[in-house]
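One-letter residues, chain by chain:
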Amino acid sequence: MKKIYFSIIVSFFFVSVKAQNIPMTFHNGSFRSIPLIIPGVMNPNLSPKSNSGISLDVGQKVYFLPNGKRNSKALLFTVDTTFKKDTVLEIDEIIKKRKLELLIE
């Protein structure tokens, strides 16, 4: 009986974490547009020096175009439970760091 309760509690935990929707702001501090790919949500094009409000589910993947071409998408980040509500993500800075990581890999 304890195993059943434990399984139910664990199942509810993972369902609630997966369904968690986190509002955030994408900030583009650069002077260039930044195209992103967010599967199942949208493919935003962040204007230069702009903010864009968005709510994403935990587990959602966000891609960028390292070469500026749609056929060369790379994972920018995956939303997880460490993302805080109403966080402002400096997308241009995250992309710079991610490009460096990709060069090292």
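Located above this text is the structure these notes cover.
Residues numbered from 1 in each chain as written. Predicted model: local features only at pLDDT ≥ 70, side-chain atom pairs only at ≥ 80, totals over all residues. Heavy atoms only, no water.

Enquirer: Describe the overall build of the protein, listing the residues and the values that go with them.
Expert: Scanning the protein from N- to C-terminus turns up two helices and seven strands. Ordered by position in the sequence, the α and β elements of the protein form the string α-β-β-β-β-β-β-β-α. Taken across its 105 residues, the protein has 31% of its residues classed as buried. Here the analysis covers contacts within the protein between residues at least 6 apart in sequence; of these, 51% occur between residues at least 24 apart. Carbon and sulfur atoms provide 60% of the accessible area of the protein, an area that totals close to 7,200 Å². (Helix = DSSP H or I, 4+ residues; strand = E, 2+ residues; numbered from the N terminus. Buried < 20%, exposed > 50% of the residue type's maximum accessible area, 1.4 Å probe, protein only. Contact = heavy atoms within 4.5 Å. Areas by Shrake-Rupley, 256 points an atom, 1.4 Å probe, with all protein chains shown as cover.)

Enquirer: So what's going on with the sheet that holds strand S3 (residues 45-46)? Which residues, and what values?
Expert: One key point about sheets: their strands pair by backbone hydrogen bonds, in either a parallel or an antiparallel sense. Read from one edge of the open sheet, four strands run S3-S2-S5-S6, paired in antiparallel fashion. Both outer strands of the open sheet, S3 and strand S6 (74-78), are each paired with one neighbouring strand and no more. Pairing analysis gives two bridges linking strand S2 (residues 34-37) to strand S5 (residues 61-64), with the strands arranged antiparallel. When the bridges of S5 are listed, Leu36 appears paired with Phe64. Against the sheet, helix H2 (residues 91-104) makes contact with S2, S3, S5 and S6, and its axis sits at roughly 125° relative to S6, the strand it touches most. (Pairing = 2+ DSSP bridges. Axes fitted to C-alpha atoms, helices over the stretch in contact; angles between N-to-C directions.)

Enquirer: Tell me about the sheet that holds strand S1 (residues 21-28), and please be specific about residues and values.
Expert: If you trace the three strands from one edge of the open sheet to the other, you get S4-S1-S7, paired in mixed fashion. Here the strands that pair on one side only, and so sit at the sheet edges, are strand S4 (50-57) and strand S7 (87-90). Averaged over all pairs of adjacent strands, the angle between strand axes in this sheet comes to 35°, irrespective of strand direction. Contacts from H2 reach S1 and S7, with the element oriented near 50° to S7.

Enquirer: Any details on the packing of aromatic side chains? Residues and values, ideally.
Expert: Within a pair of aromatic rings, the relevant descriptors are the distance that separates the centres and the angle that separates the planes. What the rule picks out here adds up to two aromatic pairs. Both rings, one in Phe26 and one in Phe77, keep their centres 6.2 Å apart while their planes meet at 85°; by these two values the pair is edge-to-face. Of this pair, Phe26 sits in strand S1 while Phe77 sits in strand S6, and the two are 51 residues apart along the sequence. There is no split in this pair, since Phe26 and Phe77 are both buried. A ring pair is formed by Phe77 and Phe83, whose centres lie 5.5 Å apart and whose planes are at 35°; its orientation type is tilted. An aromatic cluster of at least three residues, connected via ring pairs, comprises Phe26, Phe77 and Phe83. Of note, Lys49 hangs over the ring of Phe31, and the distance from its end group to the ring centre comes to 4.5 Å. Seen from the ring of Tyr63, Lys73 lies directly overhead, with NZ or CZ sitting 4.3 Å from the centre. (Phe/Tyr/Trp six-rings, centres within 6.5 Å; stacked < 30°, edge-to-face > 60°. Lys NZ or Arg CZ within 6 Å of the ring centre and 35° of its normal.)

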